[in-house]
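Structural features, examined
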Amino acid sequence: MILAALKEFSEEEGLMEAPDFEEKDVTRIIELDPEGKFLGLTDIRQPDAQGRPRAVKRRVPKTSGRTSGVSAQFLYDKSDYVFGVARDKEKKTWEPTDARIDDALALIRKASSATGDLGLKAVVRFLENQKAKSDRESILPVDLAVNEWFVFRLHGADGLVSDHPVVKSWWESQRAQPEPTSAICLVTGNACVLVDRHDAIKKVPGGSTSGVAIVTFNSPAFESYGFDRNENAPIGRAAAEGYARALNRLLDPAYPDPRNAGQTLPRRNIRVSEDTAVVFWTADVKNEFADIFEAVFSRPDEGIVARLLEAPKSGRQPFLQDPKIFYALTLSGGQGRATIRDWHTSSVGEMAGRVSRYFADLELHFPFEGPPQPSLKELLRSVVFKGEDKNIPPNLAADFLRAILKDQPLPGTLLHAAVRRCKAEGPLSQGDRGKSNKRHRSHLRMQVIKGVLRRLKDRPELSEVKPMLDEKNTHAAYLLGRLFAVLEHLQGAAQGQTNATVGDRFYGAASTAPVTVFGRLLGLSKHHLAKLRKERTGQAVNLDKLITAIMGSLPAEKFPSTFPMEEQGLFAVGYYHQRQALFTKKEEVQAAS
């Protein structure tokens, strides 16, 4: 099912319209005159966001998987095949590679003899001249990197030598398949010629830069019934190249559009952690929802999120009723192969509703300017040490996304991580009491906690938590979170800036075992109120009334001995709601004055 859907996608996007050619990274073009004289190298690399030169994609003859041994590619290769030298990393010297340049020369001679193409003749002469040199490296630039790839062009021509029509026809004839055998392809169900090695999948998080395999039998332990290697999963070349090309396109953030030169296809992947990414697509490749799906999880803005949230109310968005199939595949890489962590299919309309509900669950009032947008990665960073990607647990990202896509409860490990960060860093992250942009991390963490609670359908008293302060919520954990925020605010109003606030010192104990600290905090509040009355009587009266109101709403057992994890999460939300409400009122008063 997975490989069949990927093959269909590659055909829909035109990735297989020229199956004998593919988009590959190219760094420099070797310029030749018709006699094969070397005229120079044209560096076509482009700077990335950090200004570092990066290879660009060009259409070249389809390459074969080369892992070891000597095997030249056709008109597209590295320095050891096109210049006959390779850099020795240890000795830092250039070493001749006669066998490799000989292999390249034999392949180009064969093509030149069959076609008579002037470009191929020039390449042959160049390789012959290069092989005869004793200082082959003399024409190479000093900044040449190990992983550079070269192509050939006759000087003044518009395209590469591999773009010449007669050269393309010859290459296609070389790749023409023999008649199908009795083997049946598992993907298409048709008779086929089996492929022994599948194309590598590039850019899989955690995988090697040379690529990883989806289908591979690299050990006898994986083989059965006397079948050898990939005979255990018989797949024809068209299907194998189709699914591999689809995955390489989906994982590439800027894959060239095969139907529109100079343009790139829209992004269809979300990097959720250092070793996990999800790729997605729809049966209709022009479906608008795929663009929205990528944006809301990777780089959400208020407009796109609002469209999803308003859709169930207005019913005007066409994708809510769209029956087209939506696919999502979660991948991780490691040890030379890709791991499929999850596979999901649904209709576009069903998925749009699930994503809408997810953002509705996260909705949380942010009383300052510039609310943070909850990308999946930012939410995960908010619940781990130092907010660094490397500290995100390996399975957490995949489990989080699976719950969203399947409309299931969010993983309990997410709540544990968020609550643990609240205790370790204090209820607000370091610097959150300053400018509003410093509050984002705590806000995102509270969104995570609220999202988890909202999906506890077996605990309606917890799942009914609102986006902003709910004075009608009488759950003890929520009320005590609010009370703690008021007591902390009272201390700040009475004492001003201190080295450690009530929140810094007591939040962990108050949210876990309320009975151990609230009696003491209420005792301290009497002293804080007495001091505040001498300076700001009105504020003291208001805070005293608020404390009394919250205490009056508490159940008979005002301070439970312990709170389980879900109640600790509700405590955090109550604290956050009340604290933000106090800040809002304070800023409104200042603005009015």
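Being a predicted model, the structure only gives us computed values, none of them experimental.

**Brief notes about the overall build of the chain**
Along its length, the chain carries 19 helices and 14 strands. Taken over the C-alpha trace, the chain has a radius of gyration of 32 Å; the compact-globule value for 593 residues is 25 Å, which it surpasses by more than 25%. Considering only C-alpha atoms, the chain reaches an extent of 100 × 55 × 50 Å along its principal axes. Across the 593 residues of the chain, 50% fall into the buried class. Sequence separation of 24 or more characterises 69% of the internal contacts of the chain that already satisfy a separation of 6 or more. For the chain, the exposed surface amounts to about 27,800 Å²; the carbon and sulfur share of it is 50%. Here the chain contributes 84 positive and 76 negative side-chain charges, whose respective centroids are spaced 7 Å apart.

**Here we look at the sheet that holds strand β7 (residues 76-77)**
A sheet is described by the order of its strands in space; here four strands give the open sequence β3-β2-β10-β7, paired in mixed fashion. At either margin of the open sheet sits one strand with a lone partner, and together these are β3 (38-43) and β7. Alignment of strand β2 (residues 28-32) against β3, held across five bridges, turns out to be antiparallel. Following the sheet pairing, Ile30 is matched in β3 by Leu41. The strands that helix α4 (residues 118-132) touches are β2, β3 and β10 (150-154); relative to β10, the one it contacts most, it runs at about 120 degrees.

**Topic: helix α16 (residues 502-512)**
Of all the positions in α16, only Val502, Gly503, Phe506, Tyr507, Ala510 and Ser511 are classed as buried. On an axial view of α16, the arc spanned by its buried residues comes to 140 degrees, and they lie on one face. Its side-chain oxygen 3.2 Å from the backbone nitrogen of Gly503, Thr501 forms the N-cap of α16.

**Side note on the packing of helix α9 (residues 348-362) against helix α13 (residues 440-454)**
Relative orientation of the contacting elements α9 and α13 amounts to 120 degrees, with a least axis distance of 7 Å. Here α13 runs oblique to α9, going by the angle between their axes. From α9, Ala360, Asp361 and Leu362 reach across to α13, where they touch Gln447, Val448, Lys450, Gly451 and Arg454. Counted by class, the contact of α9 with α13 contains three nonpolar, two polar and three charged residues.

**Digging into unusual backbone geometry**
The phi dihedral of Leu75 falls on the positive side, at around 60 degrees, and the residue is not glycine. In this fold, Leu75 is placed in the loop between β6 (56-61) and β7. The buried category is assigned to Leu75, whose relative accessible area is 3%.

**Some thoughts on helix α11 (residues 396-405)**
For α11, a buried count of eight out of ten residues is recorded, marking the element as mostly surrounded by other parts of the structure. Within the sequence span of α11, burial applies to Leu396, Ala397, Ala398, Phe400, Leu401, Ala403, Ile404 and Leu405.

**Some thoughts on the nonpolar core**
By size, the foremost hydrophobic cluster in this structure holds 90 residues, and its most contacted members are Phe293, Ile449, Phe484 and Phe518. Setting aside its immediate chain neighbours within four residues, Phe484 contacts Val502, Gly503, Phe506, Tyr507, Ala510, Phe518, Leu521, Phe571 and Tyr575. Listed in part, the 31 residues of the second largest apolar core include Val204, Ala233, Val279 and Leu331.

**Some words on empty space enclosed by the protein**
In this structure the tally under the stated criterion is two cavities of 30 Å³ or more. Quantified by volume, the largest cavity comes out at close to 50 Å³. If you list the elements that add at least two residues to the lining of the largest cavity, you get β7, α2 (79-82) and α3 (98-115). A per-class count over the lining of the largest cavity returns eight nonpolar, one polar and one charged.

Conventions used here
- Residues numbered from 1 in each chain as written.
- Predicted model: local features only at pLDDT ≥ 70, side-chain atom pairs only at ≥ 80, totals over all residues.
- Heavy atoms only, no water.
- Helix = DSSP H or I, 4+ residues; strand = E, 2+ residues; numbered from the N terminus.
- Rg over C-alpha atoms; globule rule 2.2 N^0.38 Å.
- Buried < 20%, exposed > 50% of the residue type's maximum accessible area, 1.4 Å probe, protein only.
- Contact = heavy atoms within 4.5 Å.
- Areas by Shrake-Rupley, 256 points an atom, 1.4 Å probe, with all protein chains shown as cover.
- Lys, Arg positive; Asp, Glu negative; His and termini not counted.
- Charge placed at Lys NZ, Arg CZ, Asp CG, Glu CD.
- Pairing = 2+ DSSP bridges.
- Axes fitted to C-alpha atoms, helices over the stretch in contact; angles between N-to-C directions.
- Arc of directions from axis to C-beta.
- Polar contact = N/O pair within 3.5 Å; in protein donor to acceptor, adjacent residues only side chain to side chain.
- Parallel < 35°, antiparallel > 145°, perpendicular 65-115°, else oblique.
- Nonpolar A, V, L, I, M, F, W, Y, C, P; charged D, E, K, R; others polar.
- Core = buried A, V, L, I, M, F, W, Y, C linked by side-chain atoms within 4.5 Å.
- 1 Å grid on protein atoms, 1.4 Å probe; cavity = no way out; pocket = protein on both sides within 12 Å on 5 of 7 lines; lining within 4 Å.
- Points joined across faces, edges and corners; volume = space filled by probe spheres on them.

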